[in-house]
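Now for the letters of each chain:
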2 protein chains.
Amino acid sequence: MTKVDIPEDSLYGLANLPYGVFSTPGTEPRVGTRVADSVIDLGVLLGDDVFTRPTLNAFMSRGHEDWVATRRRITELVSGDVPAEAVHEVADVTMHLPIEVADYVDFYASEHHATNLGRLFRPDSEPLMPNWKHLPVGYHGRAGTVVVSGTDIVRPCGQRKAPAEPAPTFGECRRLDIEAELGFIVGTGSELGSAVPIEEFERRVFGAVLVNDWSARDIQAWEYVPLGPFLGKSFATSISPWVVPLLALTAARVATPIQDPEPLPYLREHEPWGLDVDLSVAWNGHEVTRPPYREMYWSPAQMLAHLTVNGAVSRTGDLYASGTISGPDKNQRGAFIELTWGGAEPVDVGGEQRSFLLDGDEVAITATAPGTDGTRIGFGSVTGRVLPATEAQR
Amino acid sequence: MTKVDIPEDSLYGLANLPYGVFSTPGTEPRVGTRVADSVIDLGVLLGDDVFTRPTLNAFMSRGHEDWVATRRRITELVSGDVPAEAVHEVADVTMHLPIEVADYVDFYASEHHATNLGRLFRPDSEPLMPNWKHLPVGYHGRAGTVVVSGTDIVRPCGQRKAPAEPAPTFGECRRLDIEAELGFIVGTGSELGSAVPIEEFERRVFGAVLVNDWSARDIQAWEYVPLGPFLGKSFATSISPWVVPLLALTAARVATPIQDPEPLPYLREHEPWGLDVDLSVAWNGHEVTRPPYREMYWSPAQMLAHLTVNGAVSRTGDLYASGTISGPDKNQRGAFIELTWGGAEPVDVGGEQRSFLLDGDEVAITATAPGTDGTRIGFGSVTGRVLPATEAQR
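Counting starts from 1 at the beginning of each chain's written sequence and moves along it residue by residue. Written order determines the labels here, with chains lettered from A and ligands numbered from 1. Only residues with pLDDT of at least 70 get local features here, since the model is predicted, and only at 80 or more are side-chain atom pairs given and counted; chain-wide, interface and lining totals rely on the full set of residues. Excluding hydrogens and water, the side-chain values take into account all heavy atoms of the structure.

1. As for the interface of chain B and chain A
Residue contacts are counted whenever heavy atoms from the two residues lie within 4.5 Å of one another. With 59 residues of chain B in contact, the opposing surface of chain A contributes 60 residues. Accessible area that two parts lose when put together, evaluated with a 1.4 Å probe and summed over both, is termed the buried area. Each partner contributes to the roughly 5500 Å² buried at the junction of chain B and chain A, and carbon and sulfur atoms together form 62% of this total. Looking at the side of chain B facing chain A, the largest losses of area belong to Arg142, Leu227 and Phe230 of chain B, adding up to 15% of the total buried there. Only one rule defines a salt bridge in this text: a Lys or Arg side-chain nitrogen within 4 Å of an Asp or Glu carboxyl oxygen. Applying the counting rule to chain B against chain A returns two salt bridges. Among the ionic pairs, Asp318 of chain A bridges to Arg142 of chain B, the shortest N-O distance being 2.8 Å. Between N or O atoms, a polar contact is any pair within 3.5 Å; within protein, one atom must be a potential hydrogen donor and the other a potential acceptor, and residues adjacent in sequence are included only when both atoms are from side chains. Where chain B meets chain A, there are 30 residue pairs in polar contact (both at pLDDT 80 or more). Only runs of H or I of at least four residues qualify as helices and only runs of E of at least two qualify as strands under DSSP, and these elements are numbered from the N terminus. Counting only elements with at least two residues in the side of chain B that touches chain A, the list comes to strand 6 (104–107), strand 7 (138–140), strand 10 (157–160), strand 11 (169–172), helix 6 (217–223) and helix 7 (300–308) of chain B. Take the side of chain B that touches chain A: its biggest share by element is three residues, from strand 7 of chain B.

Below you can see the structure in the form of structure tokens.
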């Protein structure tokens, strides 16, 4: 038996206990939790086969009461001595995609982001569409292309046409961008033809991850009318490997900004709440922006209620992301197209002036939030490095 | 042993041999093929466990050479005597969703449909967007809400706002519609970062099904800017239970309409080909339109090449649909919004004047195509009945 030391300032104290899927050399992926600088093998700790699976889906599908009981049990056990064979150093493990993604939806829930993008993509119109303050605008993305943090991102190729060009050309994306987002994972689903009422959010949603919704802005701008973004997004969506349970985020709840006009009844919460999660985006190791999740207009519960109000099926493993998190200030914008105003106002990246991503660039998004015990808890990070397009792609 | 009789005019002769998943009372879903009015249990016929699974995915993932060999073997065996316990009457089986859907994409490949919808949704603009003739426009739909033919369709609720109304209201869809489409099922996928070249279509795509992409036009019209259709589509997408193998459709190949401007190289085929599939849409038993698949502008191979050109992952079980099939004539339009011109020109449905779907209405889409032996082969049908919205939904 051994004791896991938890330094007072650890972002992975007992108030966090995120779930992830890890392996050590020569072993199969399985479920663990992170405590300080250790990864605890939950199959070994709890003696429950559900944690020997290669994704969290089977555990999540057990439902909210099981999540509560499991968290309590882990807290108890980790506070005492744990079997030495359950403990691995973070540095010794490989992290895997934590969930089998069922459907992936991306929202557009930041008023600052939607306004900025509207100005950039449609300079001659009102930046916010008439529907924007009435419903959380969203669209389906490609579930098969959700990858875990650390996966290299091959620069996508595709059709793009600058406004001044007479016809589209094929080639490498010239405006490769990121979107810093928070993603929510559905733990227990709902049947065809039945909506998830807004108050069921807490029982349905298992946890949250960081999302980098990589975006090819030139491909997107040419393709997206009238059916929305497609190949400009579907080449890669990265998520952080540690799923922070919703149960760990109770101290992070904050009221959403005032919603005016008042939403329709199915979107009304007693007190709509978002999360006080502070993100940071590092470009080649240099922090360039700090998107604040508390500024998001639409709440996570509103997004889920909207998503299912038409009777759409929801399933264990559904991932829905918030859309780019942008605050009111320039250094709070969660996409480079906003941060650099379409490339017109480059930013300083370690002494270089940059607008969009170059081959070899690396982006790391990290985040922390208040924990229930007065500490802060960490989401870890979602990272990715841009590789050049392959010869075959070009 | 027994012999399966095949009448000369059967749509399920040896030139067809579609794959589906069936069960008989008290037994588990498993894979079969349809021959005339019989369903042949392929696990029993071929003695291969891959056909005892509840979906076609494991079989499809074996790849093209296996599909060819299996088809040859089934043809041989079914021509002679087969074990009596392998044979069931069509009337005695229940059909299930034949595949586990990985990602679902819906294209917009009919020029007639895109032009009609453009006129209806954006009366003040050019009906075809500038990108339309350069790339097959498409978007991701909700994989979890793909259901098998025969599943009841609960009328969706949601936000809708008619142009003259000052604000959106919540309630039942008032403009419930269909879209008659053909769907293609990916048998073998491709890796992140690698495109599927257009000439690989035949080796990657396993077969085709009929699709009814149920559409809530009032919800769609209000929500779809700027990120595309979402809840107006995600409440139900029905597919026919029998997957017609691409190997059965060689005699149905026809040249696509002339493509002008010439597509970019990654979308160029030696000879772009579509399929001479004749669809028929019956509304409460009355045929109201006959959409011709041969009129589709973009070919099935072009859609797959486009879908993956950015390096998006494709997987066994991916479903991509053509978008509404509409021909140049009014009685060839594959959606009721086009057929009735937004409701302004109702159609006769057994003596009643109809525009959009009423509760209790039933829609059946059927189709046939030329077979390789001079006969015609059938796709079967995709049907669905509209149920009223439940009290809880409203």
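Continuing now.
2. Structural notes on the layout of surface pockets
Take a probe with the size of a water molecule and roll it over the atoms, and the empty space left behind shows itself. Cavities and pockets are found on a 1 Å grid laid over the protein atoms alone: a cavity is a set of points where a 1.4 Å probe fits but cannot escape, a pocket is an open set with protein on both sides within 12 Å along at least five of seven lines, and a lining residue has an atom within 4 Å of such a point. Grid points are joined across faces, edges and corners, and a volume is the space filled by probe spheres set on the points. Of the volumes computed, that of the largest pocket is approximately 810 Å³. Of all elements in the fold, only helix 4 (111–121) and helix 6 of chain B reach the threshold of two or more residues within the lining of the largest pocket. Take the lining of the largest pocket: its biggest share by element is four residues, from helix 6 of chain B. All residues other than Ala, Val, Leu, Ile, Met, Phe, Trp, Tyr, Cys, Pro, Asp, Glu, Lys and Arg, Gly among them, are scored as polar; the first ten of these are nonpolar and the last four charged. Looking at the lining of the largest pocket residue by residue, the class counts come to 16 nonpolar, three polar and eight charged. Approximately 610 Å³ is the volume found for the second largest pocket. Contributing to the lining of the second largest pocket are 20 residues, with Phe121, Lys161, Pro163, Ala221 and Trp222 of chain A lying nearest its centre.

3. Re the domain arrangement of chain A
All names here are of chain A. Segmentation into domains, and thus their bounds, comes from an automatic or database assignment. What the domain assignment reports for chain A is domain 1 (2–95) and domain 2 (104–387). On a C-alpha basis, the centroid separation for the pair domain 1 and domain 2 is 28 Å. Counting residues at the interface gives 26 residues for domain 1 and 29 residues for domain 2. Summed over the three residues of domain 1 that lose the most area to domain 2, namely Ala15, Met60 and Trp67, the buried surface amounts to 27% of that side. Taken together, domain 1 and domain 2 are joined by one salt bridge. In this assembly, domain 1 and domain 2 are joined by five residue pairs in polar contact (both at pLDDT 80 or more). With five residues, helix 3 (residues 64–79) is the single largest residue contributor to the side of domain 1 that touches domain 2. By residue class, the composition of the side of domain 1 that touches domain 2 is 13 nonpolar, nine polar and four charged.

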